[in-house]
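Single-letter residue listing:
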Amino acid sequence: MRKRIGTWLFRVVVGLLVLFLSLPLLIVVATAFDASGAVVFPPEQFSVQWFGALLERPTWIRSVLNSLFIAGGTTVVSMIVGVAAALGVRRFSGGGRTAVVGLTVLPLFVPGIVIGIVLLTFFSRFGLQQSYFAVVVAHSLWATPLTFSIVQASFARFDWQVAEAAQDLGATPRRAFLAVVAPNVRAGLVVAALVAFVVSLQEFIMALFLSGPDTRTVPVQAWNSLRQGLDPLVSVVSTLLLVAVVVLILAGSVLVGLDRLATDA
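Residues numbered from 1 in each chain as written. Predicted model: local features only at pLDDT ≥ 70, side-chain atom pairs only at ≥ 80, totals over all residues. Heavy atoms only, no water.

### Some thoughts on the overall build of the protein chain
- The secondary structure content of the protein chain amounts to 13 helices and 0 strands.
- In the protein chain, the order of α-helices and β-strands from amino to carboxyl end is α-α-α-α-α-α-α-α-α-α-α-α-α.
- Burial statistics for the protein chain: of 265 residues in total, 38% are counted as buried.
- For the protein chain, contacts bridging at least 24 residues in sequence account for 73% of all contacts bridging at least 6.
- Here the protein chain has roughly 15,300 Å² of accessible surface; of this, 70% comes from carbon and sulfur atoms. (Helix = DSSP H or I, 4+ residues; strand = E, 2+ residues; numbered from the N terminus. Buried < 20%, exposed > 50% of the residue type's maximum accessible area, 1.4 Å probe, protein only. Contact = heavy atoms within 4.5 Å. Areas by Shrake-Rupley, 256 points an atom, 1.4 Å probe, with all protein chains shown as cover.)

Laid out in structure tokens, this is it:
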């Protein structure tokens, strides 16, 4: 009886914490449907007019497309580098392995404003300070350590003797990885890609330094809009991006299975 009460109490506490953390997101979504355009909560009258108004604002459409493009590029770069680094770390052991892992996650401890200023100075020498390339590189510096950590944890639970057996039977290392390793660590790869995408989607400080009028992401565009006053389109775009993230998570759950996505990654 005491154990059952403790279990239910734990569930109630976790539920309240989840509700507390989700409350700001729910407020943003609610204000996106406010007909007054004053960005108030609770909404006085519900309407979807601002979603239609979004289509008439090319700057916002461009920022949404920029965010998706940059997040996609960041995901590709961080996954390639993160998976390669995780495979390379397997060759080290002891203190060497610890040192390599420490160097890999080092960018996470550097403030975004420092990375932004350094990269702005560097890319300015080549005229790339307001390019997609500069923003993708900056976001990859934060996303790659996360993808590396997730993929490395997935690799640690994989029996590499199976991959070695595939190579003994004639498979190349690349073929063995794609046919044997990747399907067994699929959940970790999916989670790593989702984390990289979301990290890039919400990053603001480095994008503020490195983006220009044609490469602004949604957070930078929202900051520029809020400097002039409360804009209901900020809530609308935030809602759409939130929906996009939820759809990606659900797609990942369907692809690899919800239980495996939660436990294997």
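### As for the packing of helix 3 (residues 58–89) against helix 9 (residues 186–202)
- Look at helix 3 against helix 9: their axes get within 8 Å of each other, and the N-to-C directions meet at 135°. The pairing of helix 3 with helix 9 is recorded here as oblique in orientation. Pair helix 3 / helix 9 crosses with right-handed handedness. Of helix 9, the residues touching helix 3 (which contributes Ser67, Leu68, Ile70, Ala71, Gly72, Thr74, Thr75, Ser78, Met79 and Val83) are Leu189, Ala192, Ala193, Ala196, Phe197, Ser200 and Leu201. (Axes fitted to C-alpha atoms, helices over the stretch in contact; angles between N-to-C directions. Parallel < 35°, antiparallel > 145°, perpendicular 65-115°, else oblique. Left-handed = near helix turned anticlockwise from the far one by under 90°.)

### Looking at the nonpolar core
- If you look at the biggest cluster of nonpolar residues, it comprises 21 residues, and the most contacted ones within it are Val83, Val151, Phe155, Phe158, Val181 and Leu189.
- Mapped by element, the contributors of at least two residues to this core are helix 3, helix 6 (132–156), helix 7 (160–168), helix 8 (173–184) and helix 9.
- Ranked by residue count, the leading element in this core is helix 8, at 5 residues.
- Not counting the four nearest positions on each side in its chain, Val151 is found in contact with Val83, Ala86, Leu189 and Ala192.
- One finds Ala53, Trp60, Leu233 and Val234 within the second-largest nonpolar core, a separate group that totals 17 residues. (Core = buried A, V, L, I, M, F, W, Y, C linked by side-chain atoms within 4.5 Å.)

### Brief notes about the packing of aromatic side chains
- Within this structure, the stated rule accounts for 5 aromatic pairs.
- A ring pair is formed by Phe69 and Tyr132, whose centres lie 5.1 Å apart and whose planes are at 70°; its orientation type is edge-to-face. Of this pair, Phe69 sits in helix 3 while Tyr132 sits in helix 6, and the two are 63 residues apart along the sequence.
- You can call Phe69 exposed: its relative accessible area is 53%. (Phe/Tyr/Trp six-rings, centres within 6.5 Å; stacked < 30°, edge-to-face > 60°.)

### A closer look at the side chain of Thr74
- The residue Thr74 is located in helix 3 in this model.
- Exposure remark for Thr74: the relative accessible area of 0% places this residue in the buried category.
- Of the polar contacts made by the side chain of Thr74, one reaches the side chain of Ser200; its length is 3.4 Å.
- Excluding residues that lie within four positions of it along the chain, Thr74 makes contacts with Val136, His139, Ser140, Ala143, Ala196 and Ser200. (Polar contact = N/O pair within 3.5 Å; in protein donor to acceptor, adjacent residues only side chain to side chain.)

### Here's the deal with a nonpolar patch on the surface
- Judged by side-chain polarity, Val12, Leu16, Leu19, Leu23 and Leu26 come together as a nonpolar surface patch covering roughly 470 Å² of accessible area.
- On the secondary structure map, Leu16 appears in helix 1 (residues 2–32). (Patch = residues over 30% accessible without salt bridge, like charges linked within 9 Å, V, L, I, M, F, W, Y side chains within 5 Å. Salt bridge = Lys/Arg side-chain N within 4 Å of Asp/Glu carboxyl O.)

### Concerning the environment of Ala85
- As for its placement among the helices and strands, Ala85 is situated in helix 3.
- Each C-alpha atom of the pair Ala85 and Gln152 lies 8.6 Å from the other, and the pair is 67 residues apart in sequence.

### Quick word on helix 7
- Every buried residue of helix 7 is listed here: Trp160, Ala163 and Ala166. For helix 7, the arc enclosing every buried residue in end-on projection is 110°, short of the 170-degree limit, so these residues lie on one face. Facing away from the buried side of helix 7 by more than 90 degrees, the exposed set consists of Gln161 and Asp168. (Arc of directions from axis to C-beta.)

### Notes on the environment of Glu44
- Within the secondary structure layout, Glu44 lies in the loop between helix 1 and helix 2 (49–54).
- Measuring from C-alpha to C-alpha, the distance between Glu44 and Thr31 comes to 9.6 Å, with 13 residues separating the pair along the chain.

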